[in-house]
Amino acid sequence: MDNLKMVGAITSAAAATGTGSVTIATITSSAPGILGAIGFTTTTTVALPVAGVVAVAGLVAFGVYKGVEIARQQSESQ
């Protein structure tokens, strides 16, 4: 499979995963202003889209594959 088809397959798989998200972290801190002074807190959620996670993982794996392929070709030519 050539490189363009491989990258197309990775992006298609990422698009097929849907529009969900993965929560990475939940951060709790004191509220701003007077509310924070009297003890109120606020919570922030850090989330990443699933399609982005799948796309990045696929492209990293493809990059590793291509790197190994290039290294193998160089070692065979020496």
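Our structure is the block above this text.
Nothing here was measured: the structure is a model prediction, and the numbers come from that model.

Here we look at the pairing of strand S1 (residues 21-30)
Then comes step 1: Taken across its 10 residues, S1 has 0 buried, putting it largely on the surface.
Then comes step 2: Inspection of the sheet shows S1 paired to strand S2 (residues 41-49) by 9 bridges, in the antiparallel sense. Bridge pairing links Thr28 to Thr43 in S2.

Things to note about helix H3 (residues 50-77)
Then comes step 1: In this model H3 runs 41 Å from its N-terminal to its C-terminal C-alpha over 28 residues, within 8% of the 40 Å that 1.5 Å per residue would give.
Then comes step 2: Along H3, the positions that sit buried rather than exposed are Ala55, Gly58, Phe62 and Lys66.
Then comes step 3: Elements that come into contact with the buried residues of H3 comprise helix H1 (3-16).

So, the pattern of salt bridges
Then comes step 1: For the structure shown, the criterion picks out 1 salt bridge.
Then comes step 2: Across the pair Lys66 and Glu69 runs a salt bridge, and its minimum N-O distance is 2.9 Å. With Lys66 and Glu69 both in helix H3 and 3 residues apart, the pair spans about one turn of that helix.
Then comes step 3: Lys66 gets classed as buried once you look at its relative accessible area, which sits at 18%.

Some remarks on the packing of H1 against H3
Then comes step 1: Their axes nearest at 8 Å, the elements H1 and H3 cross at an angle of 155°. Looking at the two axes, H1 sits roughly antiparallel to H3. Between H1 and H3 lies a crossing whose hand is right-handed. Counted together, Asn3, Met6, Val7, Ile10, Ala13 and Ala14 of H1 and Ala51, Val54, Ala55, Gly58, Leu59, Phe62 and Lys66 of H3 form the full contact between these two elements.
Then comes step 2: Residue composition of the contact of H1 with H3, by class: 10 nonpolar, 2 polar and 1 charged.

Thresholds applied
- Residues numbered from 1 in each chain as written.
- Predicted model: local features only at pLDDT ≥ 70, side-chain atom pairs only at ≥ 80, totals over all residues.
- Heavy atoms only, no water.
- Buried < 20%, exposed > 50% of the residue type's maximum accessible area, 1.4 Å probe, protein only.
- Helix = DSSP H or I, 4+ residues; strand = E, 2+ residues; numbered from the N terminus.
- Pairing = 2+ DSSP bridges.
- Expected span 1.5 Å × (residues − 1).
- Contact = heavy atoms within 4.5 Å.
- Salt bridge = Lys/Arg side-chain N within 4 Å of Asp/Glu carboxyl O.
- Axes fitted to C-alpha atoms, helices over the stretch in contact; angles between N-to-C directions.
- Parallel < 35°, antiparallel > 145°, perpendicular 65-115°, else oblique.
- Left-handed = near helix turned anticlockwise from the far one by under 90°.
- Nonpolar A, V, L, I, M, F, W, Y, C, P; charged D, E, K, R; others polar.

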